[in-house]
Amino acid sequence: MDNWGQPKRPVESAGVDVDIRQLRVLLAIMERRSVTAAAAALGQSQPAVSQTLRRMREATGDPLLVRSGAKLVPTERAQAMLEPLRRALADLEAAIRPPQAFDPASQDHEFRIASADCMGAFFAPRLISSIRSASPRSRIMLRAVVAGYDYVAALEKGEIDAVIANWPSPPGNLRMTRLMSDGVVCLFGPAHPLSRQRRISMEDYMGLGHVAPSPLSVTTPGPIDGKLAELGLTRDIRVMAPEFNLIPYVLLGTDLVFTSSRGFARHYQGILPIRSLPAPEEFGAMRFYLLWHERMQNSAAHRWLRERIVEVAHRVSAEIAADFGAAT
């Protein structure tokens, strides 16, 4: 370790090893044109600084500083080295310096978030509002996690920062925190026979025609079909839609049923004449969670983003519970 608390980093030059400490000493001598002044500034002895200058002369094959009266004057080679050396040392110090705290109000940052399609309508607008109000200079890039999208690889490569999801089995090689749990409901059009019922049994459910979003892959079923598979059941899917936000409009003119979260139902029941009933109790709760890669764990900006996502999730969860509690 050197006097700055940083490990020495060898640099090959003319067959001689040079470390960062020696480069810093050389820069101090060149800037002050004095071994004595450089030693005082660095808190080193004059003989030690003189020894470093001799070593740097050997490494470069140039005297670097020559005496002119009472001063040292840089040679042409040293003069050419001065600015590149300043920049290189500044870049190295910036690279190894502990990260600064993220200041959302003043910093310009880009947050890249991928989300399960079902979260788009009722969660993403709240999250955008929360981030924008606290960090107005930041940019937000949202994308849906759709069939064929390798979000695990995207997290690993740094193409996205975080994934908000509700799949039954999240990958074990990613960091995760739970966001919220939500009830499962069946949505249907205003003229659907379910409008006359107060509950849906699993037997009723299995006799219905369903509309469902396209799964992420053949091996990754969504939370509804994943739960049915655990029960040894397969529902009758009559329509497969490419995205969640198309499905409520499909319900208006068909006898199909869509199974989703209460949050999704709450949003669309506020703008369309569709209805919902609690899904069969065998479905339990739908769980949402946040995923990120280990590489982002210690990032101050990412930690701030995670806190915002968790905060919005808790707020949305409380609002959904209050609305559905008032409706029952």
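Predicted model, so just to flag it, every value in this text is computed and none were measured. (Residues numbered from 1 in each chain as written. Predicted model: local features only at pLDDT ≥ 70, side-chain atom pairs only at ≥ 80, totals over all residues. Heavy atoms only, no water.)

**What about helix α5 (residues 124-134)?**
Next up, step 1: Taken as a whole, α5 has its buried residues at Ala124, Leu127, Ser130 and Ile131. For α5, the angular spread of buried residues about the axis comes to 130°, placing them on one side. (Buried < 20%, exposed > 50% of the residue type's maximum accessible area, 1.4 Å probe, protein only. Helix = DSSP H or I, 4+ residues; strand = E, 2+ residues; numbered from the N terminus. Arc of directions from axis to C-beta.)

**Describing the packing of aromatic side chains**
Next up, step 1: Inspection of the entire model under this criterion finds eleven aromatic pairs.
Next up, step 2: Plain terms: the ring middles of Phe244 and Phe264 are 5.7 Å apart, the flat faces sit at 75° to each other, and that makes the pair edge-to-face. Residue Phe244 is located in the loop between β10 (236-241) and α9 (247-252), and its partner Phe264 is located in helix α10 (residues 262-269); the two are separated by 20 residues in the primary sequence. A single burial state applies to Phe244 and to Phe264, both of which are buried.
Next up, step 3: When the ring of Tyr249 is compared with that of Tyr268, the centres are 6.2 Å apart and the planes differ by 85°; the resulting orientation is edge-to-face. Of this pair, Tyr249 sits in helix α9 while Tyr268 sits in helix α10, placing them 19 residues apart in sequence.
Next up, step 4: Accessibility expressed as a relative area gives 6% for Tyr268, which makes it buried.
Next up, step 5: Taken together, the ring pairs in this structure connect Phe244, Tyr249, Phe258, Phe264 and Tyr268 into an aromatic cluster.
Next up, step 6: Positioned above the aromatic ring of Tyr149 is the side chain of Arg143, whose terminal nitrogen or guanidinium carbon lies 3.5 Å from the ring centre. (Phe/Tyr/Trp six-rings, centres within 6.5 Å; stacked < 30°, edge-to-face > 60°. Lys NZ or Arg CZ within 6 Å of the ring centre and 35° of its normal.)

**Observations concerning the side chain of Ser115**
Next up, step 1: Note on placement: Ser115 falls in strand β5 (residues 110-116).
Next up, step 2: Residue classification places Ser115 among the buried positions, given a relative accessible area of 14%.
Next up, step 3: Excluding anything up to four places from it in sequence, Ser115 contacts Arg143, Ala144, Val145 and Ile164. (Contact = heavy atoms within 4.5 Å.)

**A look at the pattern of salt bridges**
Next up, step 1: Scanning all chains against the criterion turns up 16 salt bridges.
Next up, step 2: A salt bridge links Arg266 to Asp323, with the nearest nitrogen and oxygen atoms 2.6 Å apart. Taken together, the residues Arg266 in helix α10 and Asp323 in helix α11 (residues 300-327) connect sequence positions 57 residues apart.
Next up, step 3: In this structure Arg266 comes out as partly exposed when scored by relative accessible area, which is 27%. (Salt bridge = Lys/Arg side-chain N within 4 Å of Asp/Glu carboxyl O.)

**Quick look at the environment of Trp292**
Next up, step 1: Secondary-structure assignment places Trp292 in strand β13 (residues 285-292).
Next up, step 2: Accessibility expressed as a relative area gives 6% for Trp292, which makes it buried.
Next up, step 3: Through-space distance from the C-alpha of Trp292 to that of Ile128 is 18 Å; in sequence the pair is 164 residues apart.
Next up, step 4: In this structure Trp292 touches Leu155, Asp161, Leu174, Arg175, Met176, Thr177, Gln297, His302 and Arg306, once residues within four positions along its chain are discounted.
Next up, step 5: Within polar-contact distance, the side chain of Trp292 engages the side chain of Gln297 at 2.8 Å. (Polar contact = N/O pair within 3.5 Å; in protein donor to acceptor, adjacent residues only side chain to side chain.)

**Digging into the packing of helix α1 (residues 20-32) against helix α4 (residues 76-96)**
When two helices pack together, their arrangement is captured by the angle between the axes and the distance separating the axes.
Next up, step 1: In the contact formed by α1 and α4, the axes pass within 10 Å of each other and the chain directions differ by 130°. Taken together, the axes of α1 and α4 lie oblique to each other. Classified by chirality, the crossing of α4 by α1 is left-handed. Facing α1, whose interface residues are Ile20, Leu23, Arg24, Leu26, Leu27, Met30 and Glu31, α4 presents Ala78, Met81, Leu82, Leu85, Arg86, Leu89, Leu92 and Glu93.
Next up, step 2: Split by residue class, the contact of α1 with α4 holds eleven nonpolar, no polar and four charged. (Axes fitted to C-alpha atoms, helices over the stretch in contact; angles between N-to-C directions. Parallel < 35°, antiparallel > 145°, perpendicular 65-115°, else oblique. Left-handed = near helix turned anticlockwise from the far one by under 90°. Nonpolar A, V, L, I, M, F, W, Y, C, P; charged D, E, K, R; others polar.)

**Thoughts on the nonpolar core**
Next up, step 1: Core analysis: the biggest nonpolar cluster contains 72 residues, and Phe123, Tyr151, Val163, Ile164 and Trp167 have the highest contact counts within it.
Next up, step 2: Here this core gets ten residues from one element, more than from any other, and that element is α11.
Next up, step 3: Sequence-distant contacts of Phe123, that is, excluding residues within four places in its chain, are made with Ile164, Ile309, Val312, Ala313 and Val316.
Next up, step 4: By size, the runner-up hydrophobic cluster in this structure holds 25 residues, among which are Ala39, Leu65, Leu72 and Leu82. (Core = buried A, V, L, I, M, F, W, Y, C linked by side-chain atoms within 4.5 Å.)

**Focus: a nonpolar patch on the surface**
Next up, step 1: Together, Tyr249, Leu252 and Ile271 make up a nonpolar patch on the protein surface, roughly 280 Å² of accessible area in all.
Next up, step 2: Structurally, Leu252 is set in helix α9. (Patch = residues over 30% accessible without salt bridge, like charges linked within 9 Å, V, L, I, M, F, W, Y side chains within 5 Å. Areas by Shrake-Rupley, 256 points an atom, 1.4 Å probe, with all protein chains shown as cover.)

**Observations concerning α1**
Next up, step 1: Between the first and last C-alpha of α1 there are 18 Å, a value that for 13 residues agrees with the 18 Å anticipated at 1.5 Å per step.
Next up, step 2: In terms of burial, α1 is a largely internal element, eleven of the 13 residues being buried.
Next up, step 3: Turning to α1, its buried residues are Ile20, Arg21, Gln22, Leu23, Arg24, Val25, Leu26, Leu27, Ala28, Ile29 and Met30.
Next up, step 4: For α1, the N-terminal cap is Asp19; the gap from its side-chain oxygen to the backbone nitrogen of Arg21 is 3.0 Å.
Next up, step 5: Backbone geometry just after α1 places Arg33 at a positive phi near 55°. (Expected span 1.5 Å × (residues − 1).)

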